[in-house]
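Below, each chain spelled out in residue letters.
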Amino acid sequence: MKDTHDRQIGDAAPQDASVGRRGFLGLAGLTAAMGVTIPFAKHIPQGLVPAAFAQGTDDHIAMLEDAGKDTGLSVIGDRPFVAETPEHLLNDDTTPIEKFFVRHNGNPPIAPEDPDAWTLTIEGEVDTPLTLTRAELKDRFDAHTYRMVLECGGNGRSFFDPPARGNQWTNGGAGCAEWTGARLRDVLEAAGIKDSAIYTAHFGQDTHLSGDPDREVISRGVRIEKALEDECLIAWAMNGEDLPHIHGGPLRLIIPGWPGSASHKWVSRVVLRDVEHDGPGMTGTSYRVPATPMLPGSEPDGVEFLIMESMPIRSIISEPRNGTRLEAGTRELALRGAAWNGDKGIETVHISLDFGATWRDVDLEAPRNRFDWRRWTATVELPSDGYYEIWVRATDTESVTQPHIAGNWNPQGYGGNPMHRVAVLVA
Ligand SMILES: Nc1nc2c(c(=O)[nH]1)N[C@H]1C(S)=C(S)[C@@H](COP(=O)(O)O)O[C@H]1N2
Ligand SMILES: [Mo]
């Protein structure tokens, strides 16, 4: 197994050792935080934030503050802006907006002065193309609210070995919010869906990083059957608030259970097509997984790739955070977490305290609706002082569970869902 585990301990350590995120750690603090000796330590300039803790740099903290985000998020890309939510910040039943991950692929559009004047056009394989302002959309169609997970297709990518190309998400390219909007189905039906319509194509108003106004940032779509599900929304609110600009306001799609890239932000056009959509993000190895296993690290030439649809089963421990130190003599530990599984449900969640030798059930909360995550709690007894790892795994109704290490390696690292582990030291 690679060094994922050590890295997580290192990541969590600076705060647990009560060192300020921005302050100089001091040699002793730094050595303790890294858990290893630093051969050239005498050359480290005063005030330098070690690269290993790069997510805590002043630049990144300023970016998160500007974005109205919790400064505990990890910035994993700055151009375009990408930030994930460490597992311990996914501890709320409903993920608050300030803790919700962000994934931009281009430059967001300028926020309009009047969000209700934003327009959305439905065209392509429809009887009558339709253009609606957001105000008309709210007026003409019933509003529905569901609590649903939105998850980046690349969530878990950092667990692949050898590393896969792209943003190195751990488990935090996901969040579960209450989304309010009109059903995509209702709006498509108002335009009249032709029998020839087999796929959707989504277009928005963000601009390409190259500055070329004619280049589409990303344009994905889904099979029409998916688009017509009750929970696929054209959303204008998140957690009861007007949809924030950073999350795609005034209007975005929510296509739950499938890669987040289908949930188009700043959406202004949905085109029904009579062929599989082929916009940026639909072809090659983008959001596609090999039909048959690949040798890890090998070239994709000649390999058949299939469009990734339902996201894989995943569970997290959101409390305690990795690297937690408890006082000597602590004998009981309360755990909290969440589990979710693309289009499918969760049957059980199990935890282990003994490196997987034995597993026990947790208390699982019922989902509010389809695509909601399942919150779970458990209490474990700690037989003595020492080093523990808590492991978690979720299992679905077809006995599909999570692997120990990310399997089915693919060039862009989709579907990495190994069991989540947290280290706890009682000393
Ligand atoms: N217009 C547009 N929509 C987009 C994107 C984008 O870059 N532009 N990123 C997609 C990806 S890859 C993800 S994972 C989600 C992230 O949504 P969030 O930033 O609200 O968390 O938005 C999707 N919708
Ligand atoms: Mo994504």
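See above for the structure.
Residues numbered from 1 in each chain as written. Chains lettered and ligands numbered in written order. Predicted model: local features only at pLDDT ≥ 70, side-chain atom pairs only at ≥ 80, totals over all residues. Heavy atoms only, no water.

**Student:** I tried to follow the site of ligand 1 on my own but got confused; where do I start?
**Tutor:** The immediate surroundings of ligand 1 are formed by 19 residues, with Phe101, Asn105, Asp206, Arg252 and Lys265 found nearest. A distance of 3.1 Å separates a nitrogen atom of ligand 1 from a polar backbone atom of serine 263. Relative to its unbound accessible surface of 530 Å², ligand 1 loses 100% to contact with the protein. Along the lines of polarity and charge, the residues of the shell around ligand 1 split into eight nonpolar, seven polar and four charged. (Near = heavy atom within 4 Å. Polar contact = N/O pair within 3.5 Å; in protein donor to acceptor, adjacent residues only side chain to side chain. Areas by Shrake-Rupley, 256 points an atom, 1.4 Å probe, with all protein chains shown as cover. Nonpolar A, V, L, I, M, F, W, Y, C, P; charged D, E, K, R; others polar.)

**Student:** Sorry, what's going on with the pattern of salt bridges here?
**Tutor:** Oppositely charged side chains may form a pair once their charged atoms are brought near each other. As enumerated under the stated definition, the model contains 21 salt bridges in all. With a closest N to O distance of 2.7 Å, arginine 147 and aspartate 372 form a salt bridge. Here arginine 147 is found in strand S6 (residues 143-151), whereas its partner aspartate 372 is found in the loop between strand S20 (363-364) and strand S21 (374-381), with 225 residues between them in sequence. Taking the relative accessible area as the measure of exposure, aspartate 372 reaches 8% and is therefore buried. Across the salt bridge formed by arginine 185 and aspartate 230, the nearest N and O atoms sit 2.8 Å from each other. Of the two residues, arginine 185 sits in helix H5 (residues 184-191) while aspartate 230 sits in the loop between helix H6 (224-227) and strand S9 (233-238), which places them 45 residues apart along the sequence. Put simply, Asp93, Glu319, Arg336 and Arg375 are held in one network by salt bridges that share partners. (Salt bridge = Lys/Arg side-chain N within 4 Å of Asp/Glu carboxyl O. Helix = DSSP H or I, 4+ residues; strand = E, 2+ residues; numbered from the N terminus. Buried < 20%, exposed > 50% of the residue type's maximum accessible area, 1.4 Å probe, protein only.)

**Student:** Looking at this model, I keep getting lost on the sheet that holds strand S15 (residues 314-319). Mind explaining?
**Tutor:** Sheets are built from strands that pair by backbone hydrogen bonding, the pairs being arranged parallel or antiparallel. What the four strands build is an open sheet, ordered S15-S17-S21-S20; its pairing is antiparallel. Each of the sheet's edge strands pairs with one partner strand only, and the pair in question is S15 and S20. Pairing between strand S17 (residues 332-340) and S21: eight bridges, direction antiparallel. Pairing of leucine 333 across the sheet is with valine 380, part of S21. (Pairing = 2+ DSSP bridges.)

**Student:** Help me out: how do you make sense of H5 in this one?
**Tutor:** An α-helical turn contains 3.6 residues, so any two residues separated by three or four positions project in the same direction. Listed in full, the buried residues belonging to H5 are Leu184, Arg185, Val187, Leu188 and Ala191. The buried residues of H5 all sit within an arc of 165° when viewed along its axis, so they share a single face. Of the residues flanking the end of H5, it is glycine 192, one or two places downstream, whose phi is positive at about 85°. (Arc of directions from axis to C-beta.)

**Student:** Would you mind going over the packing of aromatic side chains with me for this structure?
**Tutor:** In this description, a pair of aromatic rings is defined by centroid distance and the angle of the planes. Scanning the model with the defined rule gives six aromatic pairs in all. Clustering of aromatic rings is evident, with ring pairs tying together Phe100, Phe101, Trp169 and Trp179. When the ring centre of phenylalanine 203 is taken as reference, the NZ or CZ atom of arginine 269 above it lies at 4.2 Å. Over the ring of tryptophan 373 we find arginine 375; its NZ or CZ atom is 4.8 Å from the centre of that ring. (Phe/Tyr/Trp six-rings, centres within 6.5 Å; stacked < 30°, edge-to-face > 60°. Lys NZ or Arg CZ within 6 Å of the ring centre and 35° of its normal.)

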